[in-house]
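Here are the chains, one letter per residue:
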Amino acid sequence: MKRAQAGWIAGTVTAALVAAGAITYAVAGDDNPGVESPAADSADAGFARDMAVHHQQAVEMSYIVRDRTDDEDVRRLAYDIAQTQANQRGMMLGWLDLWGLPKVSADPPMTWMDMGSMPSAGEGSLMPGMATNEQMAKLGRLNGVQAEIFYLQLMTEHHQGGIHMAEGCVSRCVVGAEKRLAQGMVQGQQSEIDLMADMLRERGAEADLS
């Protein structure tokens, strides 16, 4: 990956973090005048809870690979993903606090998208795209190029699942700022999927985990 391209990623992440702060303020203020806070079983609350969990795993994966490779581009990408998703996770948990809603629910994950009964891909894989505990353990055992490839494959699948969830919020959520954040996730994660496809090709690999 060229340095100019890597620099573009860092700049995009910085812009996203600035925008995220503005979105948080909007939700805390009068983004939806006259509209009551979302209910605990709403799409807004469900997306905030589930995507916070989804993002946390992406942060964990990113910090694992940063310790398993010396490749500058992969480490920079992992850091950018970790910082962006940790920031967004904090926003979503903050919204739940603002709305006076619990951060956990007795309902299965994805109930807000009518997918609460979907089969799991394996232990630890609670939602679309999430890695299993076995896959997370494997990432922690790999080093060098093997770790890079597996991380890029896992994160590609993770982003694909995240985009599916974010698109669900765009169509179902009511809070304007949350819908805008979700749309930004769709665009940002698709850009990273395209970038990771290039990085995988550079390493003679494809995104498919099978």
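Here, every reference points to the structure presented above.
Residues numbered from 1 in each chain as written. Predicted model: local features only at pLDDT ≥ 70, side-chain atom pairs only at ≥ 80, totals over all residues. Heavy atoms only, no water.

Draft legend 1. Here's a closer look at the state of the cysteines. Applying the stated criterion to the full structure yields one disulfide. Between Cys-169 and Cys-173 runs a disulfide, and the two sulfur atoms are separated by 2.2 Å. The chirality of the disulfide connecting Cys-169 with Cys-173 is left-handed, given an S-S dihedral of about -120 degrees. (Disulfide = S-S within 2.5 Å.)

Draft legend 2. Here's a closer look at unusual backbone geometry. Phi at Met-110 is positive, roughly 75 degrees, even though this residue is not glycine. With respect to the helices and strands, Met-110 occurs in the loop between α3 (72–99) and α4 (133–141). Take Met-110: its relative accessible area is 0%, and that puts it in the buried class. Its identity is not glycine, yet Asp-114 carries a phi of approximately 60 degrees, on the positive side. (Helix = DSSP H or I, 4+ residues; strand = E, 2+ residues; numbered from the N terminus. Buried < 20%, exposed > 50% of the residue type's maximum accessible area, 1.4 Å probe, protein only.)

Draft legend 3. A look at the packing of α4 against helix α5 (residues 144–172). Their axes nearest at 9 Å, the elements α4 and α5 cross at an angle of 150 degrees. The pairing of α4 with α5 is recorded here as roughly antiparallel in orientation. Remark: the crossing between α4 and α5 carries left-handed chirality. In this structure, α4 contributes Gln-135, Lys-138 and Leu-139 to the contact, and α5 contributes Ala-147, Phe-150, Tyr-151 and Leu-154. Broken down by class, the residue content of the contact of α4 with α5 amounts to five nonpolar, one polar and one charged. (Axes fitted to C-alpha atoms, helices over the stretch in contact; angles between N-to-C directions. Parallel < 35°, antiparallel > 145°, perpendicular 65-115°, else oblique. Left-handed = near helix turned anticlockwise from the far one by under 90°. Contact = heavy atoms within 4.5 Å. Nonpolar A, V, L, I, M, F, W, Y, C, P; charged D, E, K, R; others polar.)

Everything listed here is a matter of coordinates, which is why it stays silent on function.
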